[in-house]
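Understanding the architecture of this molecule
Letter by letter, the chains look like this.
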Amino acid sequence: MTTKASLSENVTNPASHTLIITGTILLASAPLFFYHYGPRILLTYKSYRSRRRLLSLAQNASCQQGDTTTQDPPTVSGIYIHPVKSLRPVSLNSTSFDKHGLKYDRRLMIVRPNPTPLYGYFLEGEATHRFVTQRQCSKFATVQVSPPVELDNGKIVIKLSCELTGEHVYVDVAPRSIRKLPVRYAAGVWSDTVRVADLGDQAAAFVAKVAMLEDASFGDVRVVAILEESVRSVEESYCPVEARVGFGSLPQSGLTDGFPILIATESSLAELNKRLSEKNKKEINMSRFRPNIVIRNTQPFEEDTWKAIQIGTGPNSTILHIAKGCPRCKQSCTDQLTGERSEEPLETLAEFRALGKNDEDVYFAQNAVLNSDGYGGVISVGDEVRILTRGEPVWDLGSVVAE
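No experiment lies behind these values; they were computed from the predicted model shown. (Residues numbered from 1 in each chain as written. Predicted model: local features only at pLDDT ≥ 70, side-chain atom pairs only at ≥ 80, totals over all residues. Heavy atoms only, no water.)

Overview of the pairing of strand E6 (residues 129-132)
Inspection of the sheet shows strand E5 (residues 108-113) paired to E6 by 4 bridges, in the antiparallel sense. Looking at the pairing, valine 111 lines up with phenylalanine 131 of E6. In the sheet, E6 pairs with strand E11 (residues 184-189) via 2 bridges, with the strands oriented parallel. In the sheet register, arginine 130 faces E11, and the bridge partner there is glycine 188. (Pairing = 2+ DSSP bridges. Helix = DSSP H or I, 4+ residues; strand = E, 2+ residues; numbered from the N terminus.)

Examining the pattern of salt bridges
Applying the stated criterion to the full structure yields 22 salt bridges. Glutamate 167 is the partner of lysine 209 in a salt bridge, and the nearest nitrogen-oxygen pair spans 2.6 Å. Here glutamate 167 lies in strand E10 (residues 167-172) and lysine 209 lies in helix H4 (residues 201-211), a separation of 42 residues in the sequence. The salt bridge partner of arginine 275 is glutamate 271, with a shortest N-O separation of 2.9 Å. Residue arginine 275 and its partner glutamate 271 are both found in helix H5 (residues 266-278); the two are separated by 4 residues, about one turn of the helix. (Salt bridge = Lys/Arg side-chain N within 4 Å of Asp/Glu carboxyl O.)

Section: unusual backbone geometry
Omega for the peptide link from glutamate 344 to proline 345 comes to 15 degrees, which places this bond in the cis form. Of note, arginine 106 is a non-glycine position whose phi angle comes to about 50 degrees, a positive value. As for its position among the elements, arginine 106 is in the loop between strand E4 (101-102) and E5. Its identity is not glycine, yet arginine 290 carries a phi of approximately 50 degrees, on the positive side. For arginine 290, the position within the fold is in the loop between H5 and strand E15 (293-296). The exposure class of arginine 290 is buried, given its relative accessible area of 7%. (Buried < 20%, exposed > 50% of the residue type's maximum accessible area, 1.4 Å probe, protein only.)

Some points on the packing of aromatic side chains
In total, this model carries 6 aromatic pairs according to the counting rule given. Ring geometry for tyrosine 363 and tryptophan 395: centres 4.8 Å apart, planes at 50 degrees, overall tilted. On the criterion of sequence distance, the pair formed by tyrosine 363 in strand E18 (residues 363-370) and tryptophan 395 in the segment after strand E20 (385-390) is long-range, its members being 32 residues apart. The buried category is assigned to tyrosine 363, whose relative accessible area is 0%. In this structure tryptophan 395 comes out as buried when scored by relative accessible area, which is 18%. Three or more aromatic residues joined by ring pairs form one cluster here, namely Phe289, Phe301, Phe352 and Phe364. Directly above the ring of tyrosine 238 sits lysine 324, whose terminal nitrogen or CZ lies 5.4 Å from the centroid. (Phe/Tyr/Trp six-rings, centres within 6.5 Å; stacked < 30°, edge-to-face > 60°. Lys NZ or Arg CZ within 6 Å of the ring centre and 35° of its normal.)

Things to note about H5
Helix length check: H5, at 13 residues, gives a terminal C-alpha distance of 18 Å against a target of 18 Å (1.5 Å per residue), a fit within 8%. Where H5 is concerned, the buried positions are Ser267, Ser268, Leu269, Glu271, Leu272, Asn273 and Leu276. Among the structural elements, strand E14 (261-265), helix H6 (346-352) and E18 are those in contact with the buried residues of H5. Positioned one or two residues after H5, asparagine 280 has a phi angle of 60 degrees, which is positive. (Expected span 1.5 Å × (residues − 1). Contact = heavy atoms within 4.5 Å.)

In structure tokens:
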């Protein structure tokens, strides 16, 4: 039997009192917790379930295998990284991934300082510099970039060289070296602002000399590298739920235009070149579209309907999620060896690939993100590609704005 004394002891006991207060607070805050975190919890669970479904498909030998009219299975025919945004690509036999996409892809870029605001200084979060690409300076296409070389002293070096100037420069792109660089900027990349480190006067002088062949005002360009802690998420409206990472967070991109990976197919290029030949125009190379992964043995523009693909087989395979089509700008009209511009391929693409909100938005290749379970995975030329899921193509929801 409980006595009045024991009841009084329970009420006045500090430990019991604290427990009661804590329980009351938790009960009172539960609705607020689920209001704020409930949608994220559900999204995380949905992402997890979707990834498990894809992994099951990948492990199933009878999963969908592309178009049955193709005799050989789709395979990777090319892997390319662009260590410096808008300079020439580097062809690789194999590579791995990290949180920003393909390792060493577009971690460096060229920037120019923004004009100082009328109020005399930059506010927190405002971009002090703005990215510069072949859209503004086509001569960037003449700068050759070597594959990154890891040295015994811990440095990771790339060589930039240009036949037009007869000069070259070596740049250390090792993350630990970049962390030590003292000069930092807030650099604008489209609508995003990212933290970057300045790679020094030698790299800047080399690039400036090339850029000034086209425009004397480009003497103020700098070469910068994205900092490891920089956060630049892909656009939420196009991100497949399966590609969410951690607690429902969006995947990251480096200094790409929007998504970390670009996939193209040989058959789509062949179809475009066939149309160019029919008009007695010169065929173009895949380098015009600057993809990361090129795939052979598919039907033309079959990739429009891909939703998830598996590269390789077994436990070391990699799953990529297709986000949306890639709209093309005048950079695709720039010869990637000479820097010379023409009206093609945009003029011909407009005849059959104007798929956006207006006739000016033409598409070639597909943007993709890595499955969050695949960081550190390796892909190689010759890997088989399995089409795990298909669906309706996705194009930009609004008109594409280029600069």
